[in-house]
Amino acid sequence: MYVLYTINIMLFIILTFSKVYYLTKFFKFTLLNPITIPFIITLPVLIMTIFAGPLFILQKGLFDYWFNYALCMTNISLFFSLLLVIITLKFSNKNNFIKYKFMSIMRPVKLKKNRMLFSSIFFLLLFFLTFILLTRDFGLLNWIANPREGYQLHRVGNGQWYALSLLFLSVSFTLIMVYTKTVLKTIFVFFFYAFLIFFLGSKGFVLSYFIFFLIILWYRKSKYFKKLFLILPPIGFFLLILNFNPNNLADIFKYFDHYINSAMYYEAYSKGEIKLYYGYIWISDFYHYLPRILFPDKPYIYGLLHVNEFFWPGAAELTNTPAFGGPLAAFADFGILGVLLSSLFNLSLFVEIIFYFILYRDNSLNNIRENSNKLYLFIWILAPSFMIFFGSLYMIILFILIIKIIATFNKLKIGFK
């Protein structure tokens, strides 16, 4: 069995690197590019999640049977997702509509630098407004003093303000980073926004801003890029650890329990303690479209939270829900078949790869600054922590509103040029 476990672990490593390698080769990028930068920077987190957590917490470490079962489900998902990426890119390369007409669906707007900077300030003001609304129960000063506690325990009933705060800050940051003139100003702006994102209390969001900053330096072909690429990731990782409030090293490893939780689920499933949901996980997940401020009777348990509730009763209502590693939601509905089909027929991944194809075929910062449609695509793909709390319908509606706001500021006949 140890040989099979070793093969399973090696397959995960190969499949994880294969997608990044294939995309890099397809777009003829150098080693460091917008695809590899986030992969390299988040690699320590991935290693901690997949290997460090199970290694130090499980009694049998990486040779635990149920950990390997969970990792095997991830390998199935990774394989069919890679297959979808390859098929989508080949399809896009042969499709004239995608190659030549897609970017003309919407009439471009002439973008003006000063007005884009004003747009950034407008979204920043929206961030401050929604952040104040977010912290009204816990208290603004209390949230600033302990953002992690605010994030974990005081979002109930205010989730819409949290999601909008994150969205508006992301749009503001992206716009000002694209249109700031000099690299030194860009560095100053980055640290200002990194300071703000820290108060939203999530480690992943902080890291996403570091990643986007480096991608912008890559686009600018900055001489500081490689130096900062070596300096910033350790700083970002340190901030992540600091955000854990650890007492010792063991406390840090306990956080990376995603695959330990998944292993616990698969063991319970094999014993018949928990049954498949046959689509109810997927269907009930549509409740996340309903904001609790408008639907106060919205259930606290929906989607994958049904599995959380089985293992940790009452945790969902407290917004303290341990995470699972791998494609557990798909398995919880339809077993291995669900993992296979959800990976191969992943509409969001299909659309994402088409957008990659369009953006990276003609990939320069000047094109993004001058072509509004390119800018919108750039925001959708690369803006840090963009739309992550919104379902597909809300994402489309909000994105249209963001586009309309940017277009309106650039079309105004009065004010500055």
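As shown above, the structure is provided for reference.
Residues numbered from 1 in each chain as written. Predicted model: local features only at pLDDT ≥ 70, side-chain atom pairs only at ≥ 80, totals over all residues. Heavy atoms only, no water.

Quick notes on the overall build of the protein chain
Next, step 1: Assigned secondary structure in the protein chain consists of 20 helices and zero strands.
Next, step 2: Taken over C-alpha atoms, the radius of gyration comes to 22 Å for the protein chain, in line with the 22 Å a tight globule of 417 residues would show.
Next, step 3: Each of the three principal axes of the protein chain carries a C-alpha extent, and together these read 70 × 55 × 40 Å.
Next, step 4: Going through the 417 residues of the protein chain one by one, you find that 51% of them count as buried.
Next, step 5: Partitioning the intrachain contacts of the protein chain with sequence separation of at least 6 by distance along the chain shows that 75% fall at a separation of at least 24.
Next, step 6: In the protein chain, which carries 36 positive and 15 negative side-chain charges, the distance between the mean positions of the two groups comes to 23 Å. (Helix = DSSP H or I, 4+ residues; strand = E, 2+ residues; numbered from the N terminus. Rg over C-alpha atoms; globule rule 2.2 N^0.38 Å. Buried < 20%, exposed > 50% of the residue type's maximum accessible area, 1.4 Å probe, protein only. Contact = heavy atoms within 4.5 Å. Lys, Arg positive; Asp, Glu negative; His and termini not counted. Charge placed at Lys NZ, Arg CZ, Asp CG, Glu CD.)

Overview of the packing of aromatic side chains
Next, step 1: Evaluation of the coordinates by the stated rule reveals 63 aromatic pairs.
Next, step 2: Ring centres 6.4 Å apart and planes at 90° place the aromatic pair Phe 97 and Phe 102 in the edge-to-face group.
Next, step 3: Looking at Phe 97, the relative accessible area reads 42%, which means it is partly exposed.
Next, step 4: Among the residues examined, Phe 102 registers a relative accessible area of 24% and is labelled partly exposed. (Phe/Tyr/Trp six-rings, centres within 6.5 Å; stacked < 30°, edge-to-face > 60°.)

Re the packing of helix H8 (residues 159-179) against helix H19 (residues 372-382)
Next, step 1: Direction vectors running N to C along H8 and H19 enclose 130°, while the axes themselves pass 11 Å from each other. Here H8 lies oblique to H19, going by the angle between them. In terms of crossing hand, the pair formed by H8 and H19 is right-handed. On H19, the residues that touch Thr 174, Leu 175, Val 178 and Tyr 179 of H8 are Leu 375, Phe 378 and Ile 379.
Next, step 2: Taken together, the residues of the contact of H8 with H19 sort by class into six nonpolar, one polar and no charged. (Axes fitted to C-alpha atoms, helices over the stretch in contact; angles between N-to-C directions. Parallel < 35°, antiparallel > 145°, perpendicular 65-115°, else oblique. Left-handed = near helix turned anticlockwise from the far one by under 90°. Nonpolar A, V, L, I, M, F, W, Y, C, P; charged D, E, K, R; others polar.)

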